[in-house]
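The chain contents come next:
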Amino acid sequence: MANGPALSTARGGEIYHTSTFSLLDVLYANQFEGEFIDPEVVKQTEENFYRGAPPKWLNFYISEQAESDGTGTSFIKRDGYDNLVKQIKKKKSEFPRISTVKLFHHPGCGGTTLAMKVLWDLRKTFRSAVLTDSTSDITNVAEEVVHLFTAGTQGHQNTVLLLVNDMQNLEDLQDNIMIKMVEQQIVTRMPVVILLNCVRKDALLQNRGHVVLQVLSDTEKPKFDEKNEELCRKYSDKCNQFHGFNIMRTNFSKAYVEQICKVFSTAQRANKPKKAQLAAFISLLNAYVPDSYLLESQCLDFFKHDDYIHGDFSLEDRMQPFSHLIITFQEASGKKVCMAHPMIAQCCTELMVEAGVARSNTARNLLTTLCRDEVPAFFVGFVKDMLTRRRPKLKKNKEEENQINSTKMKEEQERFSRLILDIQRMEDNVQSAFVLRMASKKFDQNPFFPQALARFYYTEVKDYKLAERWANTAKERAPQSSFIADTLGQVHKNHLKNIEHPANPREILQLATKAIKAFKDEEQLAENECGRDMKRDGVTKVSHFFNTRGMFGYLQVCNIVYDLLVSQNETWRGVLTKKVSLGSVLGSLGDNKLFRFNNLINSLRDEVERKCAFFDEYLTYSKPDMKKVDPSYISRDTSDCYRKYVGDSPPKHLKEKGAILIQKLKQNLVDTSAGVLSCLDRECTESDLKEITTWWKEIFLQTYSVSALANYILAHIMLRNMGAMFPSDCNYLTVFEQKMPLIPEDSPELHMLTLLLCWPTNSKEKCVLDLKELILRMRCSYEHAYKIHFRSRYLPPLFFIGKGLDLTRIVHRKVLKEILLEQNEETIQDWSNDKIFEDPKIQARLLKFEGEVRNYRVYATIGGKAIKMDANLQNSLWITRQVSFYIGVNIRGPVAFAIQTKPAEKVQSSEMAISEPKEIKPQLSPWMDNNGGHFVDLHQTALINRVTDTEGILLKLKDRRSISNENYEAVRALKSTQDQMSGILQSLTSTMDKDALYEILKRMKSMRTLINELEGSD
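Note that the structure is a prediction, hence the values are computed from the model and not measured. (Residues numbered from 1 in each chain as written. Predicted model: local features only at pLDDT ≥ 70, side-chain atom pairs only at ≥ 80, totals over all residues. Heavy atoms only, no water.)

Examining the overall build of the protein
Stage number 1. Scanning the protein from terminus to terminus reveals 45 helices and 22 strands.
Stage number 2. Taking as baseline every contact in the protein between residues at least 6 positions apart, the subset at least 24 positions apart corresponds to 70%.
Stage number 3. Total accessible area computed for the protein in this model is approximately 47600 Å², and 48% of it derives from carbon and sulfur atoms. (Helix = DSSP H or I, 4+ residues; strand = E, 2+ residues; numbered from the N terminus. Contact = heavy atoms within 4.5 Å. Areas by Shrake-Rupley, 256 points an atom, 1.4 Å probe, with all protein chains shown as cover.)

A look at the side chain of S8
Stage number 1. Structurally, the position occupied by S8 is in strand β1 (residues 6-8).
Stage number 2. Reaching out from S8, the side chain makes a polar contact with the backbone oxygen of R123 at a distance of 3.5 Å.
Stage number 3. A distance of 2.6 Å separates the side chain of S8 from the backbone oxygen of F126, its partner in a polar contact. (Polar contact = N/O pair within 3.5 Å; in protein donor to acceptor, adjacent residues only side chain to side chain.)

Considering the sheet that holds strand β8 (residues 210-212)
Each strand in a sheet pairs with another by means of backbone hydrogen bonds, the pair being arranged parallel or else antiparallel.
Stage number 1. A sheet is described by the order of its strands in space; here six strands give the open sequence β3-β5-β6-β7-β4-β8, paired in mixed fashion. At either end of the open sheet lies a strand with only one pairing partner, and these are β3 (24-27) and β8. Direction aside, the axes of adjacent strands within the sheet are offset by 25° on average.
Stage number 2. Direction of pairing for strand β6 (residues 160-165) relative to strand β7 (residues 193-200): parallel, over a ladder of six bridges. Of the residues in β7, the one forming a bridge with L162 is L195.
Stage number 3. Running over the sheet, helix α3 (residues 81-92) touches β4 (98-105), β6, β7 and β8 and is turned about 170° from β4.
Stage number 4. Against the sheet, helix α5 (residues 138-150) makes contact with β3, β5 (127-131), β6 and β7, and its axis sits at roughly 165° relative to β5, the strand it touches most. (Pairing = 2+ DSSP bridges. Axes fitted to C-alpha atoms, helices over the stretch in contact; angles between N-to-C directions.)

Quick word on the sheet that holds strand β11 (residues 334-339)
Stage number 1. The strand order across the open sheet formed by three strands is β9-β11-β10, and the pairing between neighbours is antiparallel. At either margin of the open sheet sits one strand with a lone partner, and together these are β9 (294-295) and β10 (326-331).
Stage number 2. Where β9 meets β11, two bridges bridge the pair, whose relative direction is antiparallel. Looking across to β11, one finds that L295 is bridged to K336.
Stage number 3. Of the strands in this sheet, β9, β10 and β11 are in contact with helix α10 (residues 274-288), which crosses β11 at around 80°.

What about helix α20 (residues 464-477)?
Stage number 1. Under the 1.5 Å per step criterion, the end-to-end length of α20 is 20 Å for 14 residues, consistent within 8% with the ideal 20 Å.
Stage number 2. All of the buried residues in α20 are Y464, A467, W470, A471, T473, A474, K475 and R477.
Stage number 3. Elements that come into contact with the buried residues of α20 comprise α18 (429-442), α19 (448-461), α21 (482-497) and α22 (505-528).
Stage number 4. With a side-chain oxygen positioned 3.4 Å from the backbone nitrogen of K465, the residue opening α20 is D463. (Expected span 1.5 Å × (residues − 1). Buried < 20%, exposed > 50% of the residue type's maximum accessible area, 1.4 Å probe, protein only.)

A few points about the packing of helix α26 (residues 598-621) against helix α27 (residues 632-647)
Stage number 1. Running from N to C, α26 and α27 cross one another at 145°; their axes reach a closest spacing of 9 Å. Of the two elements, α26 crosses α27, and the hand of that crossing is left-handed. Facing L604, R605, V608, E609, C612, F615 and L619 of α26, the residues of α27 in contact are I634, S635, T638, C641, Y642, Y645 and V646. (Left-handed = near helix turned anticlockwise from the far one by under 90°.)

Examining the packing of helix α17 (residues 418-426) against α18
Stage number 1. The N-to-C vectors of α17 and α18 enclose an angle of 150°; their axes lie 7 Å apart at closest approach. The pairing of α17 with α18 is recorded here as roughly antiparallel in orientation. Note on element contacts: α18 touches α17 through N429, Q431, S432, V435 and L436, opposite I420, I423 and Q424.
Stage number 2. Residues that form the contact of α17 with α18 fall into these classes: four nonpolar, four polar and no charged. (Parallel < 35°, antiparallel > 145°, perpendicular 65-115°, else oblique. Nonpolar A, V, L, I, M, F, W, Y, C, P; charged D, E, K, R; others polar.)

Side note on the side chain of R51
Stage number 1. With respect to the helices, strands and loops of the structure, R51 is situated in helix α1 (residues 39-51).
Stage number 2. The buried charged residue R51 lacks any salt bridge partner; its closest oppositely charged side chain belongs to E316, at an N-O distance of 5.4 Å.
Stage number 3. Separated by 3.5 Å, the side chain of R51 and the backbone oxygen of H324 make a polar contact.
Stage number 4. When sequence neighbours within four positions are dropped, the list of residues in contact with R51 reads Q241, F242, H243, G244, S323, H324, I326, I327 and A340. (Lys, Arg positive; Asp, Glu negative; His and termini not counted. Salt bridge = Lys/Arg side-chain N within 4 Å of Asp/Glu carboxyl O.)

Rendered as structure tokens:
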């Protein structure tokens, strides 16, 4: 970079760029070019890499130069490289969007190296960069990504290829990038960023996509042998210490690792020299925390006392005979020290155990010697991960023995960190608790160590007194965190659950009081937590999603209390459900002192009803994300608790109008709008649903409540979707319509029903009310009622606008699921899959709307007006164009699904002369795909960026009369070929004109390679 750093352009050129990036490690297109690099630096960088240090950009440059001048072989590419590059290139030629490619890999098998090699090789095509810290504020990361994409100006756009390591919140990053694009009013003609997400997994499925395994293929082995010969010629005996490379070359041989680690077998339990202790610390850390390290300065400080005796030696000299197993490498934050490979770290830890030095002993020694005085924040993070981070455990569930690829991987969290579990398994509970207790005392401001210790005491040791003590300690250290507060509630709940039998009612209620108070405190903290991106201050973290554990824990405690008490005496059933008062039955219960729990008992039924109503709405209107569903036990336990306290036991003094009917609805879990709307999801029978509809009708006639009327209409809509025959049509629709429009304070459910009833039956029909105003009021109502609790959750569609009239055109989501099930397809759980809407039966049921995408928003054209609505998939909003889509309605408002570019239509002159009107059909073309997308539309990004002879193309189009004289002059006046090509594409509105462009390009010799490449990608 003799003339300064340069970024690649979309057309393969370079532009100089001087901006700095604090969160991205940008790989420039001209990295190292024209620079003098000290041969010693080259040598040391290469040695470090083959010994086991993480790759640097210089490693790829060194290998590239050696290959070009004939002094070395090419950099080894593991299997999967070609497919990975091919997929990334293909994504660049797609419509503008943000896309993700996942690369799964075992630790220490070269997965990150492969990813960096891809970035290096594509640096002149993309703008390659690595996210340096995945915990950084997402907003700032998005800002830098957009700046890298534009290089500061609209005319210098090029797709960013961003490597992220095991990043969880990719969707948040994508959303924030789009927000920045909108804020800066950036119009793009190409994909903004392709996220290459490197995911480290200990267990992998081979059919999971791009995977790098801890085993060499037959094609990889010769490459490693050839590279080994080169390294032996170049470095002679030093190659014997290239353990990072040799472990891979020997196909991850355990025998090789055990041979080089034999020096650890001489370790002694007592009087270990400091070098052996330090080697044990690094091994333990690297074995349990990937990418962990010590700073060289930390290591030298550890030897400080010995300086007076042995003199001032280098770390390498001090660490003999372990030095060859340890790698030291320079990075921006300083010199880092780690074991040369994860397998070495694991083996050394095992050998220390065999020599009598247990894991718990090493962990305690590490805490004592390396965690004195002020501990660096990064090292606190490593210790925290080592002792408290619970990894996913993988379970295999075979759905059908004879079904190919029927095995699914289901992730659940382990009970504790791997190290704590290993200490428990190989030593005992005492040692596990001892290590956690020492960490809790060493880091006396950190809440996570006492939280893990409390959980260990109540789940493994069953010592609830100590568990309560440490849970309170954790809570004191993070008094505002609802997630830390949850542990105290779990302690008391588990104590109650495992109480020794027979337990007297007073003991049960004493424990229940403590558990309920803890969970109510947690619920209040959750309500107070803000909904921003996760913030880290080193002590507490505030999640961007609402914590429901307090409310659910409360219901679980109520379930346990009910079962314990009622199993002892049936009288408790009436007391807990407020059928009888506690004071009136104290004699039969045999303990007058129970009356001090009267306030608690009186509060249970109402609190259960309130919390169950919350979960009814929470589970009906939202889900974790587009692809995931909430665990089934939440719905099951909530329903059980509701039936015990509310559904099966009406209060004694129920006098309000319709009380008996309301109790019947409660017994069927349909006393709320959410309950009615979930009837089909809960497989409600036709006879039950008819009764529910009748009950809501009768309640309305007795109370004239708008909510009751709405629930009656919604129940009727459910019946229609079930295909049930009902004696009469839905009455009282006009009564509800007379109350429209609603006031903003009305519930989102009422606003949704208003919107569904008012929505026109086709795009040309005008709405009686102002649709924009209706949508705005529904969103405001949602913001007030649900936003704080549903934040960061996906709002699935409840209904779709279908074909037909009146209520028959309101199609419940369950109908779509059943259509797919009829054809032996999986039910809809993943709403990110637009292929759902390609099913002919679903298309026949739903009404397609037309509109446009502009300024990263989608608008439906209804009655000649543009109605703004949400898009189900944000990636559909990058290109300004005419579109068609289906409309779903969630609890927040209307959403556009399956957004597709509207095919161009052309009316032939012969058709225009016919007096009898005929349906105008899209003109067919041999260059269209199955979805009606023309080759020119599908590949417009690649054409804009790579077609250069726009002058010749313009002339040919003009000769064919495919472009008007006015447009010809306007496009020709544009300065860059990219703008001219974009103008050409905008001018071609008919299929015939697009065919003409395709034929012109196909006949141009300079364009044949590009056209063949694009055709091959279809």
